[in-house]
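In case you want the letters, here they are:
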Amino acid sequence: MATTKRNLWPESVKIDTLTPVVILRGQASELERLTKGVLRGEVTSQATGDGFLIHQLDVIAPAVGFYRHRIVEVKHPDAFVYPAQIIAPGILLGLTFGHGEAESQEALEKFIGIVFTSKQTISVIQSLIARSNELTFAPPPPPEPLESAK
Amino acid sequence: MSLGMASFVFWNLSGKPLHDHIARLAKTHEADFVLLAECASDPTQIEDTLNRANAGEFHFTGIRGMKTLVFTRLKKGSVVDKFDDQMGRVTIREVRFDPAPGIILVVVHLLDRRNLDAIGQAIHVTSLVRDLCRVEDELGHRRTILVGDLNMNPFDVGVFGAETLNAVSTRDIAQRHKRTFQGADCRFFYNPMWCFFGDRTSGPPGTFFHRSPNSTEHYWNILDQVLLRPTLMDNLVDLKILETDGTLPLVDTNGRPSVAEASDHLPLFFRLKL
């Protein structure tokens, strides 16, 4: 009788799986790196009191009076971080508008990617970069007057 | 802006193009701020209508495509964005009334019971409260007004609960500025809207009328509210639920919001001494 052990576990079982809050923090740092600090990302977390945690990813524009815009929220039970609910009003996440449920890191990253590449988020990010540049951009000095011909 | 006063009109338009009503409201009440929710029109159209009606030189402030819109006739740069949530259901602005002290203006259109139960609404509000407290701490003052369609009544937990808006009905309690609940300081709001319930007051008994077969139906609701931090509550000199735009009625023959002619919500007008 054959005794070969077969792996029945799916490929999504990996030893380097991250929690939603770590994924969001990573994306916050990525935004700062990509925009060379023009924009910052910040993740805040709060307990809902009914056994859930909510993590919120905000974009902050330091040059625009530290204006803050919320991009996405992720909610999950205290103990079991997946499935995580992703909340992004107005954005189609899979089959539903505004929210989706991610059973794994991979699914969550896919949803976050959809939010980041949505028209809504791109408009906010581009607006904030443009307004920051407008406020911090130093126009080049006027050209030196031409020396009169000798 | 009238000397030492600032006037505000808030209205949930129910997605209708009520431009002329808005212009008349702004003109009649000499509004310095026109705050709108459920506005399906492009802000430029509203701006044009307001400016054509000689209601003042209004401009739109903030980000397009949001759920709440802020127009003002204060000079540009007087209204500074501090926070917006994903869809602009919550927007927090710093308003500068140079030389008078500025205020923090929070305009909201919170989720309704069709999308969220009472607990969900309350949780949503705790997040708003945290965002607001952060802005108050950053700016170093609490001269804050919160106005909008809360989609909750003053007696709902998302409005009066200590960890939510903590909005109480009397100045006497609000003047304590905060209460400690479970070891945490919870800042009070004063909610003057309580005085509009019922028919023994002047004006309509609410801002929104709803009828259903539920045994707990209130019929009249005050979903549209103005809340003030204690520091500002004595600056409120006028507050009304409006039944007309100054010329035309916004209510039907039964005194209920005229859904056919206007919105299913009635507008609010208030004036603050600066």
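Bear in mind that the values here come from a model prediction, so they are computed numbers and not experimental data.

Student: So what exactly am I meant to see when it comes to the overall build of chain B here?
Tutor: Counting secondary structure elements, chain B contains six helices and 17 strands. With the principal axes as the frame, chain B shows a C-alpha extent of 55 × 50 × 35 Å. Restricting to contacts in chain B with at least 6 residues of sequence separation, those with at least 24 account for 63%. Element-wise, carbon and sulfur atoms account for 48% of the exposed surface of chain B, whose accessible area totals about 11,600 Å². Separation of charge centres in chain B, based on 31 positive and 34 negative side chains, amounts to 3 Å.

Student: Could you clarify how one ought to interpret the overall build of chain A in this entry?
Tutor: A tally of helices and strands in chain A yields three helices and five strands. Each helix (α) and strand (β) of chain A, taken in turn from the N terminus, gives the series α-β-β-β-β-β-α-α. Relative to a compact globule of 150 residues, whose C-alpha radius of gyration would be 15 Å, chain A shows 22 Å and is clearly more extended. Here chain A holds 150 residues, and the buried ones make up 37% of them. In chain A, the proportion of contacts linking residues at least 24 apart, taken out of those at least 6 apart, comes to 39%. Of the charged side chains in chain A, 14 are positive and 16 negative; the average position of the first set lies 2 Å away from that of the second.

Student: Can you help me understand helix α2 (residues 43-52) of chain B in this one?
Tutor: Three or four residues apart is the spacing at which side chains of an α-helix point the same way, because the helix has 3.6 residues per turn. Residue and element names in this part refer to chain B. For α2, the set of buried residues is P43, I46, E47, T49 and L50. The arc that holds the buried residues of α2, viewed along the axis, is 165°, so those residues lie on one side. Against the buried residues of α2 lie α1 (19-28), β2 (33-37), β3 (59-61) and β4 (68-72). Where α2 ends, the next residue or the one after it, N54, has phi of about 55°, a positive value.

Student: Explain the packing of aromatic side chains to me, please; I cannot follow it from the model alone.
Tutor: Note on aromatic pairs: each is described by the distance of the centres and the angle between the planes. Taken as a whole and assessed by the stated rule, the structure comprises eight aromatic pairs over all chains. Taking the centre distance of 4.6 Å and the plane angle of 0° together, the rings of B:F8 and B:F270 count as stacked. Taken together, the residues span a long stretch of sequence, with B:F8 in strand β1 (residues 5-12) and B:F270 in strand β17 (residues 268-273) at a distance of 262 residues. Side by side, B:F8 and B:F270 carry an identical accessibility label, which is buried. Ring pairing ties together the aromatic residues B:F8, B:F33, B:F97 and B:F270, which thus form one cluster. The ring of A:F52 has A:K75 lying over it, and the distance from NZ or CZ to the ring centre is 4.9 Å. Its guanidinium or amino end placed over the ring of B:F189, B:R229 lies 4.1 Å from that ring's centre, counting from NZ or CZ.

Student: Would you take a moment to explain the interface of chain B and chain A for this structure?
Tutor: Where the parts come together, the accessible area they lose is often given as the size of the interface. Contacts between the two partners involve 15 residues from chain B and, on the opposite side, 25 residues from chain A. With both sides pooled, the region where chain B packs onto chain A buries about 1,700 Å², and carbon together with sulfur makes up 47% of that total. Counting the contacts that link chain B with chain A gives three salt bridges. Between A:R131 and B:D81 there is a salt bridge, with the nearest N and O atoms lying 3.6 Å from each other. Summed over the shared surface of chain B and chain A, the number is 11 residue pairs in polar contact (both at pLDDT 80 or more).

Student: What is the right way to look at the side chain of A:R68 in this model?
Tutor: Examined against the element boundaries, A:R68 turns out to sit in strand β3 (residues 67-77). At 3.0 Å, the side chain of A:R68 forms a polar contact with the side chain of A:D58.

Student: Teacher, can you tell me more about the nonpolar core here?
Tutor: If you look at soluble globular proteins, the nonpolar side chains tend to sit buried side by side. Residues B:F8, B:F33 and B:L36 are the most contacted members of the largest nonpolar core, which totals 57 residues. By size, the runner-up hydrophobic cluster in this structure holds 32 residues, among which are A:V21, A:V64, A:Y82 and B:I63.

Student: How do you make sense of the packing of helix α1 (residues 20-34) of chain A against helix α2 (residues 105-116) of chain A when you look at a structure like this?
Tutor: Residue and element names in this part refer to chain A. Where α1 contacts α2, the axes come no closer than 11 Å and their chain directions differ by 35°. As α1 runs across α2, the sense of the crossing is right-handed. The segment α1 lies against α2, with P20, I23, L24 and Q27 engaging Q105, L108, E109, I112 and F116. Of the residues assigned to the contact of α1 with α2, the class counts are six nonpolar, two polar and one charged.

Student: Even after reading the chapter, I still don't get the side chain of B:N12, so can you show me in this structure?
Tutor: Residue and element names in this part refer to chain B. Relative to the elements of secondary structure, N12 occurs in strand β1. For N12, a relative accessible area of 0% translates into the label buried. Reaching out from N12, the side chain makes a polar contact with the backbone nitrogen of S14 at a distance of 2.8 Å.

Calculation notes
- Numbering of residues begins from 1 in every chain and follows the order in which that chain's sequence is written.
- Chain A is the first chain written and ligand 1 is the first ligand written, with later ones labelled in order.
- Local features are withheld for residues below a pLDDT of 70 in this predicted model, meaning they are given only at 70 or higher, and side-chain atom pairs are given and counted only at 80 or more; totals for whole chains, interfaces and linings count all residues.
- To obtain the side-chain values, all non-hydrogen atoms of the structure were included, while hydrogens and water were left out.
- By the criteria applied, helices consist of DSSP H or I runs no shorter than four residues and strands consist of E runs no shorter than two, each listed in order from the N terminus.
- Every residue pair with non-hydrogen atoms within 4.5 Å of one another is taken to be in contact.
- Residue burial considers only the protein chains on display, and all accessible areas are found by Shrake-Rupley using a 1.4 Å probe.
- Counted charges follow a simple rule, with Lys and Arg positive, Asp and Glu negative, and His plus the chain ends left uncounted.
- In plain terms, the charge of a residue is placed at NZ if it is Lys, CZ if Arg, CG if Asp and CD if Glu.
- To get the radius of gyration, use the C-alpha atoms; to get the globule rule, take the number of residues to the power 0.38 and multiply by 2.2 Å.
- Exposure classes here rest on a 1.4 Å probe applied to the protein chains alone. A residue is buried below 20% of its type maximum, exposed above 50%, and partly exposed in between.
- The arc refers to the directions leading from the helix axis to the C-beta atoms.
- Only rings of Phe, Tyr and Trp enter the pairing, Trp through its six-membered ring, and a pair is recorded when the two centres are within 6.5 Å. The plane angle decides the type: under 30 degrees is stacked, over 60 is edge-to-face, the rest tilted.
- Geometrically, a lysine NZ or arginine CZ counts as sitting over a ring once it is within 6 Å of the ring centre and also within 35 degrees of the ring normal.
- By buried area we mean the combined loss of accessible area, with a 1.4 Å probe, across both parts when two parts are placed together.
- Salt bridges are counted wherever a side-chain nitrogen of Lys or Arg sits within 4 Å of a carboxyl oxygen of Asp or Glu.
- Polar contact is defined as a pair of N or O atoms within 3.5 Å, subject to the rule that within protein one atom must be able to donate a hydrogen and the other to accept it, and that residues adjacent in sequence are counted only when both atoms are side-chain atoms.
- Working definition of a nonpolar core: buried Ala, Val, Leu, Ile, Met, Phe, Trp, Tyr and Cys residues. They are joined through side-chain atoms within 4.5 Å.
- For every element, the axis is a line fit to its C-alpha atoms; helices are fit only across the contacting stretch, and the angle between N-to-C directions ranges from 0 to 180 degrees.
- Here is the rule for handedness: rotate from the far helix to the near one, and if that takes an anticlockwise turn smaller than a right angle the crossing is left-handed, while a clockwise turn gives right-handed.
- Residues are grouped as follows: nonpolar covers Ala, Val, Leu, Ile, Met, Phe, Trp, Tyr, Cys and Pro; charged covers Asp, Glu, Lys and Arg; every other residue, Gly included, is treated as polar.

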